[in-house]
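# A closer look at the structure
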Amino acid sequence: MSDKPLVGILMGSDNDYEVMAEAAHALKSFGVPLEMTVSSAHRTPERTAKYVRSAKERGLKVLIAGAGAAAHLAGVVAAESTLPVIAVPIDATSLGGLDALLAMVQMPAGIPVATMAIGKAGARNAGLFAVQILATADESLALRLADYKVELANGVEKKAKSLAERLVRDGF
């Protein structure tokens, strides 16, 4: 895999970095090169459009957009590109991220956006989903992803065994 970014991560505010870094960590763990930027659908619409319109020619294959509140970033990104767009709702208001989730998941027909869970778990899954998309055309990445799934399963087996031992110890 080259060092040229394959995934672009956009966030509506630098306040979103702590959440969106989870997507970057997931990508990095698979060796997927990425780039990150702040670009607001509302405050910098021209910047957002320019970034997204140039994404494919710069070699990006997937775009991840995280935003809170009205959360139109993913929809704007999807409207400007034919690349897959993954949305991450961020808990940025008193509504706990539900406002962002609904804004992202209720896209009109013709503007698809894959929407993840609210917050860090959603951002991590966005990174992993981007890896899955890329793995459809990269066999070595697909093999690493398969190994990762085995590691997840082994972790559950280990925890189940540990719990069974604890139950015996505690007399259950």
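Worth saying up front: this structure is predicted, and the values here are computed from it rather than measured.

Let us look at the nonpolar core. Among the nonpolar cores identified, the biggest contains 28 residues, and Val7, Ile9, Met20, Leu27, Phe30, Val32 and Ile64 are the most heavily contacted of them. Only strand E1 (7-11), helix H1 (17-29), strand E3 (62-68), strand E4 (85-90), helix H5 (120-135) and helix H6 (139-169) provide two or more residues apiece to this core. Considering each element in turn, this core owes the most residues, 7 residues, to H5. Taken together, domain 1 (7-137) and domain 2 (139-171) each give at least three residues to this core, which thus spans both. Grouped together as the second largest cluster of nonpolar side chains are 20 residues, Leu10, Leu60, Ala67 and Leu83 included.

With that settled, the discussion passes to the UniProt feature "binding site: substrate" (unreviewed entry) in the protein chain. Residues annotated in UniProt with the feature "binding site: substrate" (unreviewed entry) correspond here to Ser13, Asp16 and Arg43. The annotated residues contributing to the lining of the largest pocket are Ser13, Asp16 and Arg43. As for its position among the elements, Ser13 is in the loop between E1 and H1. Residues contacting Ser13, with those up to four places away along its chain left out, are Val38 and Arg43. Along the polypeptide, Arg43 turns up in the loop between strand E2 (34-38) and helix H2 (45-53). Classification of Arg43 as exposed rests on a relative accessible area of 62%.

Bridge count for E1 against E2 is 5 bridges, and the pairing is parallel. Following the sheet pairing, Val7 is matched in E2 by Leu34. The handedness of the E1 to E2 crossover, carried by H1, is right-handed.

Moving on, we get to H1. Relative to the 18 Å expected for 13 residues at 1.5 Å per residue, H1 spans 18 Å between its end C-alpha atoms, a close match to the ideal helical length. Within H1 the residues assigned to the buried category are Val19, Met20, Ala21, Ala23, Ala24, Ala26 and Leu27. At its buried positions, H1 is contacted by E1, E2, E3, E4 and H5. One or two steps after H1, the chain reaches Gly31, where phi turns positive at roughly 75°.

The next subject is the UniProt feature "domain: PurE" (unreviewed entry) in the protein chain. Taking the UniProt record as the reference, the feature "domain: PurE" (unreviewed entry) is found at residues 5-156. Secondary structure content for residues 5-156 is 47% helix and 16% strand, while the C-alpha to C-alpha distance between its ends is 33 Å.

The next point concerns the pattern of salt bridges. With the rule as written, the count across this model stands at 4 salt bridges. When the shortest N-O distance is used, the salt bridge between Glu18 and Lys120 registers 3.1 Å. Placement of the pair is Glu18 in helix H1 and Lys120 in helix H5, with a sequence separation of 102 residues. According to the relative accessible area criterion, Lys120 is partly exposed, its value standing at 38%. In this structure, the salt-bridge partner of Arg166 is Asp170, at a minimum N-O distance of 3.7 Å. With relative accessibility at 49%, the residue Arg166 sits in the partly exposed group.

Conventions adopted
The residue count restarts for each chain, going from 1 along the sequence in the order it is written. Thresholds applied to this predicted model are a pLDDT of at least 70 for local features of residues and 80 or more for the giving and counting of side-chain atom pairs; totals over whole chains, interfaces and linings are not thresholded and use all residues. Where side-chain values are given, they derive from all heavy atoms of the structure, hydrogens and water being excluded. The nonpolar core is taken to be a set of buried Ala, Val, Leu, Ile, Met, Phe, Trp, Tyr and Cys residues, with the residues joined through side-chain atoms within 4.5 Å. Only protein chains enter the calculation, and the probe is 1.4 Å; a residue is then buried if its accessible area is under 20% of its type maximum, exposed if over 50%, and partly exposed in between. Secondary structure elements are taken from DSSP: a helix is a run of H or I of four residues or more, a strand is a run of E of two residues or more, and numbering for both begins at the N terminus. Either an automatic procedure or a domain database provided the assignment from which the domain bounds are taken. UniProt positions are given in the numbering used here, feature names are shortened, and annotations may be inferred rather than shown by experiment. Space inside and on the surface of the protein is sampled on a 1 Å grid over the protein atoms alone, with a cavity defined as a set of points where a 1.4 Å probe fits but cannot get out and a pocket as an open set with protein on both sides within 12 Å along at least 5 of 7 lines; lining residues have an atom within 4 Å of a point. Pairs of residues are marked as contacts when any of their non-hydrogen atoms sit within 4.5 Å. Any two strands with at least two DSSP-identified bridges between them are counted as paired. For the handedness criterion, the strands are oriented away from the viewer, and a crossover whose path from the first strand over the helix to the second runs clockwise is classed as right-handed. A helix is expected to span 1.5 Å multiplied by its residue count minus one. Put simply, a salt bridge is a Lys or Arg side-chain nitrogen that is within 4 Å of an Asp or Glu carboxyl oxygen.

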